[in-house]
Amino acid sequence: MLKTVDQIAKWNAADYAANSVVQQTWARELIARLKLRGDEHILDVGCGDGKVTAELSRALPHGSVTGVDASAEMISFARKAFPKSEIPNLKFQIADARKISFKNQFDLFFSNAALHWVDDHEAILRGAAAALKPGGRLVVSCGGEGNAHDVFLALRPEMRLKRWREFFRKMPMPYFFYAPGDYEKWLPKFSFKTGTLKLTPKDAAYGGVEGFATWLRTTWLPYIQRVPDALREEFIQAVTQRYVTRHPLDAEGKVHVRMMRLEIDAVKI
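Residues numbered from 1 in each chain as written. Predicted model: local features only at pLDDT ≥ 70, side-chain atom pairs only at ≥ 80, totals over all residues. Heavy atoms only, no water.

Draft legend 1. Local environment of the pairing of strand β3 (residues 90-94). Relative to β3, strand β2 (residues 64-69) runs parallel, the two sharing 5 bridges. From the neighbouring strand, Thr-66 faces β3, where its bridge partner is Lys-91. Considered for its hand, the β-α-β crossover made up of β2, helix α5 (residues 72-81) and β3 is right-handed. (Pairing = 2+ DSSP bridges. Helix = DSSP H or I, 4+ residues; strand = E, 2+ residues; numbered from the N terminus. Right-handed = clockwise from strand over helix to strand, strands pointing away.)

Now the structure itself:
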């Protein structure tokens, strides 16, 4: 089995927390569609720095939320930023999304901008089905087929240059962008009835050339961290220049990236 990105990349949770406004915006859109009563028990898978999980907890005065992530760095940051002593209905723990071990504990399995980092989505669904109570809801938004295609068109030619190619030999696949057709096969296998299953294009806007470079630096870790520290900034700037040459800044000085989100809303039957 291919490694997940959590096993090969070392996160800087503070950097991610400071530079993940786009992901947080998408999460808020997703939360708004949940129509929470306030007494649900929620599992947030791939919770990262915890700020979205904390937002969920504030919407659950009579419920609770558990955030899990495979990154020890992220969970450590989340626990410090949102301590249980201050938010009693919120907790965090390290867990591999492919090995969720909860049993009939949750009303909602929630995940935003995370599951495209994991290879085996059938294993995720198996764990989700076990963790949810009967009638529980699965709500996921993650990178889908075609996600960030234009970034790869800038990244891959740079990787093939003589200056960089030795660092990328035998590199495992770091992201897993599935299509609705994949989930059409998988959801019924794990007793889920599909409500929404679609690819949705999203625009991600970053603050100029440096904003785009910062996004690469803080989230494209499987690529960036293969380059030695002394050369890393050179590589980031080279990829950035390739991208903005083909996709110039808009009138407000922002760099835009076309994303493709796989959105899933299903119920355990």
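Draft legend 2. Fine view of empty space enclosed by the protein. Scanning the entire structure with this criterion turns up 1 cavity of 30 Å³ or more. For the largest cavity, the calculated volume is near 40 Å³. Taken together, Trp-26, Glu-29, Leu-30, Arg-33, Asn-112, Ser-141, Lys-202, Arg-261 and Glu-263 make up the full set of residues lining the largest cavity. Residue assignment for the lining of the largest cavity shows that the elements contributing at least two residues are α3 (21-32) and β7 (255-268). (1 Å grid on protein atoms, 1.4 Å probe; cavity = no way out; pocket = protein on both sides within 12 Å on 5 of 7 lines; lining within 4 Å. Points joined across faces, edges and corners; volume = space filled by probe spheres on them.)

Draft legend 3. Layout of the sheet that holds strand β4 (residues 106-112). Strands sit in the order β3-β2-β1-β4-β5-β7-β6 across an open sheet of 7 strands; the sheet is mixed. What marks the edges here is a single partner per strand, and that holds for β3 and β6 (192-206). Across the sheet, the axes of successive neighbouring strands diverge by a mean angle of 15 degrees, strand direction being ignored. One ladder, built from 7 bridges, connects strand β5 (residues 132-143) with β7; its direction is antiparallel. (Axes fitted to C-alpha atoms, helices over the stretch in contact; angles between N-to-C directions.)

Draft legend 4. Region of the structure containing the pairing of β4. In terms of burial, β4 is largely enclosed, as 6 of its 7 residues are buried. When strand β1 (residues 41-45) meets β4, the two strands line up parallel, connected through 3 bridges. When the bridges of β4 are listed, Leu-43 appears paired with Phe-109. Each parallel crossover has a hand, and for β4 linked through helix α6 (residues 121-131) to β5 it is right-handed. (Buried < 20%, exposed > 50% of the residue type's maximum accessible area, 1.4 Å probe, protein only.)

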